[in-house]
Amino acid sequence: MELRQLHYFLKVAQKEHVTQAAEELHVAQSAVSRQIHQLEEELGVDLFMQKGRNLQLTAVGQLFCKRVEGILKDLDKAVGEVHEFLDPEHGEIRIGFPHSLGIHLIPSVVAAFRQKYPNVKFRFKQGMYPTLIRDVLSAEVDLAFISPFPEKHDQVAGDIVLTEELHAILPPNHPLAGEETIALEQLKDEKFVLFSKGYSLRPIVWHACLEAGFTPKIAFEGEETDTIRGLVAAGMGVSLLPEMALFQTNPLQPAHVAISQPKVTRTIGLIHRADDKLPLVAQSFRSFLLHYFGLQQQNNTPSE
């Protein structure tokens, strides 16, 4: 069975006429008839029956036609994906990121990249740390921003693109709200609003508090940056958030104060599968990001 036979078969099924099908295919009528005959011989069934001057699919022909349509659509999609893989200016980039980066960083870098490559498409997927690792390994995404950067992982590779400080966020009427900096120890008697378990910021805040000499008392837990900010602004407790998450998105905002002791930071990395070649468009985006963040590729990063 040849791919040409399937194309001819589908065209005849659509036009219900060999001559019209041959005209659209720009081949001789005899060539179409011969290919259909060979296909029927190979399958051992009649795919068409005569109905006046036209051809009509038999019952088995209708079943076969549905499958052929699906096969040819998938094939066209596969060919398109190959072309996109090889074309850094017209492909699609599939990128994952945690929610906290969706407020400012992702829109900023995508807008900057599309000024240079306006025809590139993006497909976004948000997730928590383990979800992003899984999406990279299963090829659901080509690249993923992740925090903290996985220093040791056999199956993913990448670069730290940014290290940012976490600030204390406080209710607007909190006694420390007007300070430029505070020591984290000054919040030891406060109730904390933390991210739920599974979110990467939670252990960063938790370990910072332990380093400052106390175990945080949890008042509330949330799953989004806006939720944490809103609960703190409403006086439900205090928290720590990265600088990037302090951009205002609603009228009710907490105060935020830098922390001098200990310094609390998080790393943000850009990861990809260690043993796989990125599509050219994703390679271009990765190179753009490394330049955007003012980095040079590390010598120990596997070549791609």
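Sequence order sets the numbering: in each chain, residues are counted from 1 along the sequence as written. In view of the model being predicted, local features appear only for residues whose pLDDT reaches at least 70, and side-chain atom pairs are presented and counted only at 80 or more, with totals across whole chains, interfaces and linings using the full set of residues. Excluded from the side-chain calculations are hydrogens and water; all other atoms, namely the structure's heavy atoms, are used.

The name that an unreviewed UniProt entry assigns to the chain is LysR family transcriptional regulator, with the source organism given as Paenibacillus amylolyticus. UniProt positions are given in the numbering used here, feature names are shortened, and annotations may be inferred rather than shown by experiment. UniProt's Sequence similarities (unreviewed entry) comment on the chain is quoted here verbatim: "Belongs to the LysR transcriptional regulatory family."

Visitor: Hey, could you run me through the pairing of strand 1 (residues 48–51) in this one?
Guide: Successive residues of a regular strand alternate their side chains across the two faces of the sheet. The pairing criterion is simple: DSSP has to find at least two bridges between the two strands. Think of it this way: any DSSP run of H or I at least four residues long counts as a helix, any run of E at least two long counts as a strand, and we number them from the N terminus. In terms of strand pairing, strand 1 meets strand 2 (residues 54–57) through four bridges, oriented antiparallel. Paired with Gln50 across the two strands is Leu55, which belongs to strand 2. Linking strand 1 to strand 2, which pair antiparallel, is a turn of two residues; within it Gly52 sits at a positive phi near 65°.

Visitor: When you look at the pattern of salt bridges in this model, what are you seeing that I'm missing?
Guide: Pairs can form between side chains of opposite charge once their charged atoms are near each other. Counted as salt bridges are all cases of a side-chain nitrogen of Lys or Arg within 4 Å of a carboxyl oxygen of Asp or Glu. Following the criterion strictly, the structure yields twelve salt bridges and no others. Notably, a salt bridge pairs Arg202 with Glu221, separated by 2.7 Å at the nearest N-O pair. Note that Arg202 is positioned in helix 7 (residues 201–211) and Glu221 in strand 9 (residues 217–222), a separation of 19 residues in sequence. Three or more residues joined by partner-sharing salt bridges are found here, namely Lys11, Lys15 and Glu24.

Visitor: What is the right way to look at the UniProt feature "domain: HTH lysR-type" (unreviewed entry) in the chain in this model?
Guide: According to UniProt, the feature "domain: HTH lysR-type" (unreviewed entry) maps to residues 1–58 in the numbering used here. For residues 1–58, the helix share is 62%, the strand share is 14%, and the end-to-end C-alpha distance is 19 Å.

Visitor: Can you help me understand the packing of aromatic side chains in this one?
Guide: To describe a pair of aromatic rings, you give the distance between the ring centres and the angle between the ring planes. Here a Phe, Tyr or Trp ring, Trp counted by its six-membered ring, pairs with any other such ring whose centre lies within 6.5 Å, and the pair is stacked when the planes are under 30 degrees apart, edge-to-face when over 60, and tilted otherwise. Taken as a whole and judged by the stated rule, the model has 13 aromatic pairs. Here Phe97 and Phe124 contribute two aromatic rings whose centre-to-centre distance is 6.1 Å and whose plane-to-plane angle is 75°, an arrangement assigned as edge-to-face. Residue Phe97 is located in strand 3 (residues 92–97), and its partner Phe124 is located in strand 4 (residues 121–126); the two are separated by 27 residues in the primary sequence. For Phe97, a relative accessible area of 6% gives the class buried. Residue Phe124 is classed as partly exposed on the basis of its relative accessible area of 42%. Ring geometry for Phe288 versus Tyr292: centroids 5.8 Å apart, planes at 40°, classification tilted. Separated by four residues within a single helix, Phe288 and Tyr292 lie in helix 9 (residues 280–292), roughly one turn from each other. Each residue is placed in one exposure class: buried if its accessible area under a 1.4 Å probe, protein chains only, is under 20% of its type's maximum, exposed if it is over 50%, and partly exposed if it falls in between. Take Phe288: its relative accessible area is 16%, and that puts it in the buried class. Among the aromatic residues, those joined into a ring-pair cluster are Phe97, Phe113, Tyr117, Phe122, Phe124, Phe285, Phe288, Tyr292 and Phe293.

Visitor: Looking at this model, I keep getting lost on the nonpolar core. Mind explaining?
Guide: Considering soluble globular proteins, one finds that nonpolar side chains tend to be buried as a cluster. Only buried residues count toward a nonpolar core. Its members are Ala, Val, Leu, Ile, Met, Phe, Trp, Tyr and Cys residues joined through side-chain atoms within 4.5 Å. Core analysis: the biggest nonpolar cluster contains 29 residues, and Leu184, Leu187, Phe192, Leu240 and Val264 have the highest contact counts within it. Sorting the residues of this core by element identifies strand 6 (156–170), strand 8 (191–195), helix 7, helix 8 (225–233), strand 10 (239–242) and strand 11 (255–261) as the ones contributing at least two each. For this core, the element with the most residues is helix 7, which contributes five residues. Not counting residues up to four positions away in its chain, the partners in contact with Leu184 are Ala208, Cys209, Ala212, Phe214, Leu240, Ile259, Gln261, Pro262 and Val264. In terms of nonpolar packing, the next biggest core, distinct from the first, is built from 26 residues, Val109, Phe145, Leu278 and Leu290 among them. Note on contacts: a residue pair qualifies if any of its non-hydrogen atoms lie within 4.5 Å across the two residues.

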